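# Structure at a glance
Here's the letter readout for the chains.
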Amino acid sequence: MLLKLKSHPSLFTLNCSPTPLLSHRIIRLIAVKIDMKNQSKPILFPAFALFFLLALGCPATSSIPVEPEDEREFDYLAGSEKGPMHWGELKKEWEACKKGEMQSPIDLSSQRVKVMPKLGEIEWSYKPSNATLKNRGHDISLQWDTGNVGSIKINGTEYFLQQCHWHSPSEHTINGRRYALELHMVHESTDPDVENKIAVVGLLYKNGVPDAFLSKLMGNVWSLIDKEDEKKMGVIDPTEIKMGGKNYLRYTGSLTVPPCTEGVIWTINKKMGTVSKDQIKLLREAVHDYAEKNARPVQQLNQREIHLYLPNKAATQD
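The shown structure was predicted, so the numbers you read here are calculated from the model rather than taken from an experiment.

The rules behind these values
- Residues numbered from 1 in each chain as written.
- Predicted model: local features only at pLDDT ≥ 70, side-chain atom pairs only at ≥ 80, totals over all residues.
- Heavy atoms only, no water.
- Helix = DSSP H or I, 4+ residues; strand = E, 2+ residues; numbered from the N terminus.
- Contact = heavy atoms within 4.5 Å.
- Phe/Tyr/Trp six-rings, centres within 6.5 Å; stacked < 30°, edge-to-face > 60°.
- Buried < 20%, exposed > 50% of the residue type's maximum accessible area, 1.4 Å probe, protein only.

Turning our eyes to something else, we now look at the environment of V298. In this fold, V298 is placed in the loop between α5 (277-286) and β17 (306-309). Among residues more than four places away in sequence, those in contact with V298 are P105, I106, D107, E171, T173 and R178.

In this structure, N220 sits in helix α4 (residues 212-222). Ignoring sequence-local partners within four residues, the contact set of N220 consists of L133, K231 and M233.

Another aspect to go through is unusual backbone geometry. Omega for the peptide link from S168 to P169 comes to -5 degrees, which places this bond in the cis form. Topologically, P169 is positioned in the loop between β10 (157-167) and β11 (181-189). Despite not being glycine, C260 shows a phi value in the positive range, around 60 degrees. As for its position among the elements, C260 is in the loop between β14 (248-254) and β15 (262-269). Even without being glycine, N302 reaches a positive phi, approximately 55 degrees. Inspection of the secondary structure puts N302 in the loop between α5 and β17.

On inspection of all chains with the given rule, the structure shows seven aromatic pairs. Arranged with centres 6.1 Å apart and planes meeting at 85 degrees, the rings of F74 and W94 form a pair that is edge-to-face. Separated by 20 residues along the polypeptide, F74 in the loop between α1 (47-55) and α2 (87-90) and W94 in the loop between α2 and α3 (96-99) bring together distant segments of the chain. Both residues of the pair, F74 and W94, belong to the buried class.

Right, dumping it as structure tokens:
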């Protein structure tokens, strides 16, 4: 295969984007320029040579719109021009926030749920890995070194854990009720043939005894108060996040922050954890947005189905 390159009066350069991929490396060519000062005609350049040059050291980027690390461009303040009602108007690439028909979060109404015993249990395969605690402006996130921390399997597809973060109150509601806190564990697939690239596991919490995993992070969260900064945490084991029982709810939705990318596989654990009011207060005070909450309003379900996995139900039907 040969590529035809038009003349350009500059030295041969290769520019690659330095932005890291959420889960894995996909090489993307940004620009190639060839010194054609003395050439009057386009030349033919072997395509494989471009890939060779890329392989020598160009970092890669994701083609999947993911959660922004700089969250100053939107907010959760009531009546704000950058609030949830206006996210879809702030940027062209955020239009899904306003026009999308598969948006999250939703109300997980028991009247809309269909029991699906054949969904099967989620296969967890996590291991301890280096992590970084980040103050992203509207939330606190814990991000692991990609490719080292492990994955989950959904419908036979492996999704690699990237990061987790917290929303208070919960973004998803159950029969109209919001809970104290919601943890999102964000995963991404590296399979080029998979349509749904992002999978998020959500855990809901009610007020009660402190969450043990959060307790280990609280001192470091204090150090990030009002700072758009990060702190290396060393090795963190994601299995210390108590995943609750085997029952879960499943539906297809979107990211709950801009760009509100759709096609996200949501898995909400039915068993709730507990969190203290002090833990919730610190998670909100640490960020600089001055909003009392960072939960997006519930979105329309439209024609989507909500599936419920009950392993005991499966046993009775076998």
